[in-house]
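# Descriptive analysis of the structure
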Amino acid sequence: MPGLIGKKIGMTSVFSADGKNVPCTVIEAGPCVVTQLKTVEKDGYKAVQLGFGEAKEKNTTKPLMGAFKKAGTTPKRHLAEFKFDEEYNLGDTITVEIFNDTTFVDVVGTSKGKGFQGVVKRHGFGGVGQRTHGQDDRARHPGSIGACSYPAKVVKGMRMAGHMGGDRVTTQNLRVLKVIPEHNLLLVKGSVAGCIGSTLLIKK
């Protein structure tokens, strides 16, 4: 299995073998249940759908309830598909132990939403103009945003103020520090996108 669905528990630090204090993120990775199997003959591609986290039956649609009952499992809150080479059966449980021999992982999460922000915070602009000689309202503004004659319009992709955060972010090549199977925990070096309790995809 190339990955699992997990949940961000928070950040802490651990000491390495040479005595260095290493910051790390604690992730609850799995256990995940195989809820559907995609085949080339029926769906045009081969993949396995995993379910993570418990959901209430009253909040689950009838088509999904049929898939969960076919797999012999309870309703799951989060679903994700992974392409795989191994053979799995409906209802199989996959735990964090698949990362026992893994050195690096990629973690996909949704970054924290910051709302509507200006160009200084959103893009790191330095601001324009001086803060003296009667100028007091342009310090954090973007300045000129387009040409005067040609193309006489604001080009697409111009960095401006707007909604910040809430994006799908992939953090690559995070070193796996420790796997704790009895508590379904995975410790990776560094930070990952998202707030505490947010859903993550952990990929080998």
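Relevant structure appears above.
Scope of this entry: the structure provided in the associated data block. What you see is a predicted model, and the numbers here were worked out from it, not measured in a lab.

## Quick look at the overall build of the protein
The number of helices and strands found in the protein is three helices and 12 strands. Relative to the 2.2 N^0.38 estimate, which gives 17 Å for 204 residues, the radius of gyration of the protein is 23 Å and therefore markedly larger than a compact globule would have. Overall size of the protein, expressed as C-alpha extent along the three principal axes, is 70 × 50 × 35 Å. In the protein, which comprises 204 residues, the proportion classed as buried is 34%. By sequence separation, contacts in the protein at least 24 residues apart represent 68% of the contacts at least 6 residues apart. On the protein, roughly 12,800 Å² of surface is accessible, and the fraction owed to carbon and sulfur atoms is 51%. Here the protein holds 30 positive side-chain charges and 18 negative ones, and the gap between their average locations is 10 Å.

## Overview of the side chain of T35
Within the secondary structure layout, T35 lies in strand β3 (residues 32–38). If near-sequence neighbours (up to four positions away) are discounted, T35 is found in contact with Q49, L50, G51, A67, F68, A71, T73, L79 and L90.

## Some points on the sheet that holds strand β4 (residues 47–54)
Within the open sheet, the four strands sit side by side as β5-β4-β3-β6. Their pairing is antiparallel. Lying at the two open borders of the sheet, with one neighbouring strand each, are β5 (76–82) and β6 (93–94). Looking at chain direction, β3 and β4 are connected through five bridges and run antiparallel. From the neighbouring strand, L37 faces β4, where its bridge partner is V48. Relative to β3, helix α2 (residues 62–71) is tilted by about 105 degrees, and along the sheet it contacts β3 and β5.

## Describing unusual backbone geometry
That bond from Y150 to P151 is cis: its omega, 5 degrees, falls within 30 degrees of zero. Along the polypeptide, P151 turns up in the loop between α3 (119–123) and β9 (162–164). We note that A152 has phi near 60 degrees; this positive angle belongs to a residue other than glycine. As for its placement among the helices and strands, A152 is situated in the loop between α3 and β9. Notably, N184 is not glycine yet its phi reads approximately 55 degrees, a positive angle. Residue placement: N184 occurs in the loop between β10 (168–180) and β11 (185–189).

## Topic: the sheet that holds β10
One closed barrel accounts for six strands, arranged β1-β2-β11-β10-β7-β12; its pairing is antiparallel. Between one strand and the next, the sheet's axes are offset by a mean angle of 50 degrees, whatever the strand orientation.

## Brief notes about the state of the cysteines
Considering all chains together, one arrives at zero disulfides under this definition. Cysteine C24 remains unbridged, with the sulfur of C195 as its closest cysteine sulfur at 18 Å. Cysteine C32 remains unbridged, with the sulfur of C195 as its closest cysteine sulfur at 19 Å.

## Details of the nonpolar core
Counting 29 residues, the largest nonpolar core has I5, L50, F82, F99, V105 and L186 as its most contacted members. If we skip the residues at most four places from it in the chain, F99 touches G3, L4, V105, V179, L186, I202 and K204. By size, the runner-up hydrophobic cluster in this structure holds five residues, among which are C24, V26, I180 and L187.

What counts and what doesn't
Residues numbered from 1 in each chain as written. Predicted model: local features only at pLDDT ≥ 70, side-chain atom pairs only at ≥ 80, totals over all residues. Heavy atoms only, no water. Helix = DSSP H or I, 4+ residues; strand = E, 2+ residues; numbered from the N terminus. Rg over C-alpha atoms; globule rule 2.2 N^0.38 Å. Buried < 20%, exposed > 50% of the residue type's maximum accessible area, 1.4 Å probe, protein only. Contact = heavy atoms within 4.5 Å. Areas by Shrake-Rupley, 256 points an atom, 1.4 Å probe, with all protein chains shown as cover. Lys, Arg positive; Asp, Glu negative; His and termini not counted. Charge placed at Lys NZ, Arg CZ, Asp CG, Glu CD. Pairing = 2+ DSSP bridges. Axes fitted to C-alpha atoms, helices over the stretch in contact; angles between N-to-C directions. Disulfide = S-S within 2.5 Å. Core = buried A, V, L, I, M, F, W, Y, C linked by side-chain atoms within 4.5 Å.

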